[in-house]
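Working through the structure, step by step
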Amino acid sequence: MNVLRTQLAGVARRPARLLLTGLAMLVASFVVYATVLAQQITERSVLDGLSGTPATVDLVVDGSAPLAPAALEQLRAVPGVADAAGRAEFSGETGGQYLTILADPGSGPLAVTRVTQGRFPAASGEIAVSPRTADRMGLPVGTTLSLFTVWDDDGKPGKPVRLTVTGLAEGNGDYGFTAYAPTATVLGLGTGGSMARVDLRLAPGADAAAVRAAVDRTVQAMPAPAEGAERPEVRSGAEVRTDEANSAASDLNELFAVVAMFVAIAVVAAGLVATSTFRIVFAQRMRQLALLRAVGAGRGSIRRALAVEGALTGFVAGLAGVLGALAVGHALPPVLRAFDFAVSSPGVPVLPAAGVVALSVLITVLAVLAPAFSAAKVAPLEALRAASTTAGRRDIGKLRWAFGLLLLLGASAAAGYVITHLPGRDAKNYDPGPMLFTVVLSGALAFFALMALGPVLVRPVLAAVGWPLRRLGAVGRLAVGGVGGAPRRAAAVSVVVALGVTLIAGVVVTGSSVRVLVDRELASAVPADFELTANGGERLPAGLIDQARASTDLAHVTGYRRLDNVRIGGTEPQLQATDLDLAALPTLDKIDVSAGSLAGVGPGAVAISGFATDLSGLAVGDTTTLTAGKKQLQVKVAALLPDSGPLQSYVLLDASDLSKLGAPATYSGLLADAARPGEDGRTAGQKAMQQLTQGRPGVGVEVLADQRDEINLAIDAVLAVAIGLVGLTVLIAVVGVGTTTALSVVERVRESGLLRAVGLSRGGLRAMLTAESSLYGVIGATIGLLLGVPYAWLSIKALGVNAPLTLPVWQLAAVFAALVVFTAVAGVLPARRASRVSPVAALATDG
């Protein structure tokens, strides 16, 4: 008890040491509890914002069978029902593009729209459009348009309906093709005249259960639905809103499961940093511990006292982290709402908070065990040596050597297994799960081997990366010598930095490779910004492509032809062939091939898709016969595509060969890019394409660039989230560097005083200690890149996708430079503190 009291009294006298020791755990606790609050905020925001049903809806009548128009008045007449809104939609074509019209009251408690300009339609023949629809489709307020609503069996439009845009209205989503109108108007456009559902609002004071029962009786009394369809059901508005929100946010749990994995890695990093800092602190207190041993304290009592100190550190750090996260979590939503971001506030999850504090205590106790046992084992006479002597030990012991080499052998064996069992290109029935698991296992074993052998590996890495610094003069040599003089400490900190850099390098390299793969696939599926085609397989009018080429808002205009009845060799299925010119569009240069070269496609030479390859068994250089009706053509295979060809075709031919197979001279479709980048350029290009469709019913425009943007946006978001999550580990590592430097300054006061006494200036001392701090980042970043890049490449190959192995040099260089800067900044404050101590006071310190 006396030993414990002595240790706690020492903690009370030096609270700064407690803060430094627990700083990494404080950050980790903040991150863990902030993640809990972020999930709660996200879930509440989703429930509040992603439901398409207004909060005022009390009952909803819907089902697999549509509701007849008469059902709306029947349900509105039920006693206790104050209002009813029928939900219906209809899609038609105008100006070569599809427009979806949704039914909405436009005003009142059941409305989902808000008019921003003009007025909501009040009569038949009137619609309101969303702002983006007005911009994209050229439909400002006052525009009159023709909507083709009825199509015959030949795919040709019927008689158009004239509609007038009376206003702009915002709804639950603005996708650029959305309009709104009263229910009666929407029902009048369709041939079926039915509603998908009816929303009901109850009168104030009405008995919800009684009204629901009455509504249910009314539904049961309606005519029976068609065979195979179920009768509509009655559900509460709250139930529907919850189902809609859960459906819209179905990936939330999976997302936060991934977040939890990265948070767990950050917590492990915090534990490693805590272990390192406890080891440094206990080394600095060796003389105190020796005196306690000399006056009769046993090893067990010292271990228990140090463990209690660790638990206290963990409790304070965990509590501070939880309170900090709680403060930020409740302060952030009001700030975001001030900038028009609809974000809900979190609650105060007590059990997770207690769990985070308990986890912090547990990790710090585990982190303190190894240093505590080492400190308790030291004999009194041995402990009377300087702390720096203990910290500077270079040996790791035979057992640690053997354990580290065994881990390294295991990592190499696992990686070797993956390398020898990688799938070939376009492998069939390949399951990447076991291979990816083996890659992760190999990476984990390599990291643990790095932890075990770190003090030995630091020296050769430091010799390589410290060479330029030594050439800068005495300060550089002193900095390198300071890090090399305590290899255990340098290894403990650098390993955590290496973990963060390994993860970031893996994300950057994998993201770069996946980006190239996606670009290749998009080049085939979405080769241009716009596509103009005729419905029902019709051909485009003659002269249309010349009009498109004359527009200043369009670029890379090219036409293409299709044949849908091409057979390869003696195979039975009829495949689609096209003569799209690969040199006409810049994106087509990115199309990947499994074998051969697209440059070889020309008269008498074709490229075939992966499906056509499997079907025919052809290889590059083989000769085959293409058949279309009664026409035949002998061609040579110049290239094999991994998937489908451009525009989802199976055979890519030269234009002359497609003509020989009977293709008409007129084009099947037209592709074009916007002449200017950005949203304004795309809108101008879309309007130019729409002008081409004027007076040509059945000719439509599709904005392919929107599909490309959605995919690219999704990839960017995934990479940003991944780098942000990996950054948690880097944050912990930077905190560890700052803590280690600060404790090192305390430990080396006499050394600093001696350097000042022999002529080193304050600026020189600050530069030396800052350089030491940055060297931790240099060593860790170097090891992290050496591990991260190969494992990223191995993971890409293990996935079984045809992604190339890329090396984003500039991005990796930026990661390296950023880590060096961050770790250097972490050492600035401790270096300034050390430079302020006078040489006389420093030399008088008992070292």
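Residues numbered from 1 in each chain as written. Predicted model: local features only at pLDDT ≥ 70, side-chain atom pairs only at ≥ 80, totals over all residues. Heavy atoms only, no water.

On to the overall build of the protein chain, then. On a plain count of helices and strands, the protein chain comes out with 28 helices and 22 strands. Going through the 847 residues of the protein chain one by one, you find that 49% of them count as buried. A separation threshold of at least 6 residues defines the contact pool for the protein chain, and within that pool the share at least 24 residues apart is 82%. Accessible surface, the protein chain as shown: approximately 38200 Å² in total, 62% of it carbon and sulfur. (Helix = DSSP H or I, 4+ residues; strand = E, 2+ residues; numbered from the N terminus. Buried < 20%, exposed > 50% of the residue type's maximum accessible area, 1.4 Å probe, protein only. Contact = heavy atoms within 4.5 Å. Areas by Shrake-Rupley, 256 points an atom, 1.4 Å probe, with all protein chains shown as cover.)

With that out of the way, let us pick up the sheet that holds strand 1 (residues 59–67). Across the sheet, which stays open at both edges, the four strands sit in the order 2-10-1-11 with antiparallel pairing between neighbours. Sheet topology places strand 2 (81–87) and strand 11 (233–236) at the edges, where each strand pairs with a single neighbour. Shown here is a sheet whose adjacent strand axes are inclined to one another by a mean of 20°, direction ignored. As defined by bridge partners, strand 1 adjoins strand 10 (residues 195–202) across five bridges and the pair is classed as antiparallel. Within the sheet, the bridge partner assigned to V60 lies in strand 10 and is D199. (Pairing = 2+ DSSP bridges. Axes fitted to C-alpha atoms, helices over the stretch in contact; angles between N-to-C directions.)

With that settled, consider the pattern of salt bridges. By the definition in use, this model includes ten salt bridges. R197 is the salt-bridge partner of D199, the closest N and O atoms lying 2.9 Å from each other. As far as the burial class goes, D199 and R197 line up, both buried. The network of salt bridges with shared partners includes R87, D104, R197 and D199. (Salt bridge = Lys/Arg side-chain N within 4 Å of Asp/Glu carboxyl O.)

What follows concerns the confidence of the model for the protein chain. The predicted structure's coordinates, where accompanied by low pLDDT, should not be read in detail. Predicted confidence across the protein chain gives a mean pLDDT of 78, with 78% of residues reaching 70 or more. Every residue in residues 386–392 is under pLDDT 50, and counting partners more than four places away or in other chains gives 14 contacts. (pLDDT = per-residue confidence, 0-100.)

Before going further, it helps to examine the side chain of R87. Examined against the element boundaries, R87 turns out to sit in strand 2. In this structure the side chain of R87 is engaged in a polar contact, spanning 2.6 Å, whose partner is the backbone oxygen of L110. A polar contact of 2.9 Å, which involves the side chain of R87, links it to the side chain of D199. Ignoring sequence-local partners within four residues, the contact set of R87 consists of P54, A103, D104, P105, L110, V112, M195, A196, R197 and D199. (Polar contact = N/O pair within 3.5 Å; in protein donor to acceptor, adjacent residues only side chain to side chain.)

Another aspect to go through is the sheet that holds strand 21 (residues 669–674). On the basis of which strands lie adjacent, the open sheet formed by four strands has the order 13-21-12-22 and antiparallel pairing. Of all the strands in the sheet, just strand 13 (554–560) and strand 22 (699–703) have a single pairing partner and so form its edges. Ignoring strand direction, the axes of neighbouring strands in this sheet form an average angle of 20°. Here strand 12 (residues 530–534) runs beside strand 22; their pairing, made up of five bridges, is antiparallel. The partner of E531 across the bridge, within strand 22, is E702. Running over the sheet, helix 22 (residues 678–693) touches strand 12, strand 13, strand 21 and strand 22 and is turned about 15° from strand 12.

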